[in-house]
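Spelled out, the chains give:
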Amino acid sequence: MKYLLLNGSIVGKKTRTMLDMFNVYLENQVLDNDLIELIDLRNQQINFSDGRNWQDNQGDTLEVLQKIMAADVIILGVPTYQASIPAPLKNIFDLLPEGAFYQKTVGFLVSAGTAKHFLVMEFQLKPILSFMKANTLSNYVFAQDSDFNGSKIDSDAIRMRLASYAEDVKVISETYRNQIKKQENSYGF
């Protein structure tokens, strides 16, 4: 399986810290032949969406889109800005075709200033993922500023949730993938 971790912002460090820690936990869960890749949008030169076919992009933009399209599992790192998702992540969604997440398991890790933003992703991100045909995980890890000391995670509860989420991601995504294969094999062609 191909796992892709995507940091959906170009500023800040907390969400990337969560992704890095989650990556360590996920590496302990997956098989040796599984691939995990982390893309940080701050290190990419991504074009603004202009309505062209996603395959007509070039450079970093095309490379990131190809990796998203090739992934079986995508974990999005999403900071909450102005009670919404960050613009660089929305731009990625706009660059992709409508069915980009079809038969992909998609989950996310969320950081926000306060607990008041806990449900933002339920109303901002999940509808977008649903529209794009994702098999969206029902739960996610939410961390607020008080869970950090600077950019380091300072909460045992968050570390435990990240470890548990890595287990959930592996089990759910593998179960989903196996069911898809079983269904495809039943067609007999």
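Computed from a predicted structure; not experimentally measured. (Residues numbered from 1 in each chain as written. Predicted model: local features only at pLDDT ≥ 70, side-chain atom pairs only at ≥ 80, totals over all residues. Heavy atoms only, no water.)

### Topic: the environment of Val24
Relative to the helices and strands, Val24 is located in helix α1 (residues 14-27). Taking the C-alpha atoms as reference points, Val24 and Ala166, 142 residues apart in sequence, are found 9.0 Å from one another. (Helix = DSSP H or I, 4+ residues; strand = E, 2+ residues; numbered from the N terminus.)

### Observations regarding the layout of surface pockets
As a volume, the largest pocket reaches approximately 240 Å³. Looking at side-chain class alone, the lining of the largest pocket contains 7 nonpolar, 4 polar and 1 charged residues. Within this model, the second largest pocket holds a volume of roughly 160 Å³. Forming the walls of the second largest pocket are 17 residues, and the residues nearest its centre are Lys14, Thr15, Pro79, Tyr81 and Ser111. No other element matches the 3 residues that α1 contributes to the lining of the second largest pocket. Split by residue class, the lining of the second largest pocket holds 5 nonpolar, 7 polar and 5 charged. (1 Å grid on protein atoms, 1.4 Å probe; cavity = no way out; pocket = protein on both sides within 12 Å on 5 of 7 lines; lining within 4 Å. Points joined across faces, edges and corners; volume = space filled by probe spheres on them. Nonpolar A, V, L, I, M, F, W, Y, C, P; charged D, E, K, R; others polar.)

### What about a nonpolar patch on the surface?
Judged by side-chain polarity, Ile10, Val11 and Tyr81 come together as a nonpolar surface patch covering roughly 250 Å² of accessible area. Mapped onto the elements of the fold, Ile10 is located in the loop between β1 (2-7) and α1. (Patch = residues over 30% accessible without salt bridge, like charges linked within 9 Å, V, L, I, M, F, W, Y side chains within 5 Å. Areas by Shrake-Rupley, 256 points an atom, 1.4 Å probe, with all protein chains shown as cover. Salt bridge = Lys/Arg side-chain N within 4 Å of Asp/Glu carboxyl O.)

### Here's the deal with the UniProt feature "domain: NADPH-dependent FMN reductase-like" (unreviewed entry) in the protein chain
UniProt records the feature "domain: NADPH-dependent FMN reductase-like" (unreviewed entry) at residues 1-144, using the numbering of this structure. With 33% helix and 23% strand, residues 1-144 has end C-alpha atoms that lie 31 Å from one another. (UniProt positions renumbered as here; feature names shortened; annotations may be inferred.)

### Focus on the pattern of salt bridges
Side-chain pairs of opposite charge can arise where the charged atoms are in close proximity. The full count for this structure, using the stated rule, is 13 salt bridges. In this structure, Lys133 and Glu98 form a salt bridge, with 3.0 Å as the shortest nitrogen-oxygen distance. Pair noted here: Lys133 is in the loop between α4 (120-131) and β5 (135-136) and Glu98 is in the loop between α3 (87-95) and β4 (105-112), with a separation of 35 residues, a long-range link. Its relative accessible area of 38% is what places Lys133 among the partly exposed residues. By relative accessible area, which is 42% here, Glu98 ends up partly exposed. In this structure, the salt-bridge partner of Glu174 is Lys170, at a minimum N-O distance of 3.0 Å. (Buried < 20%, exposed > 50% of the residue type's maximum accessible area, 1.4 Å probe, protein only.)

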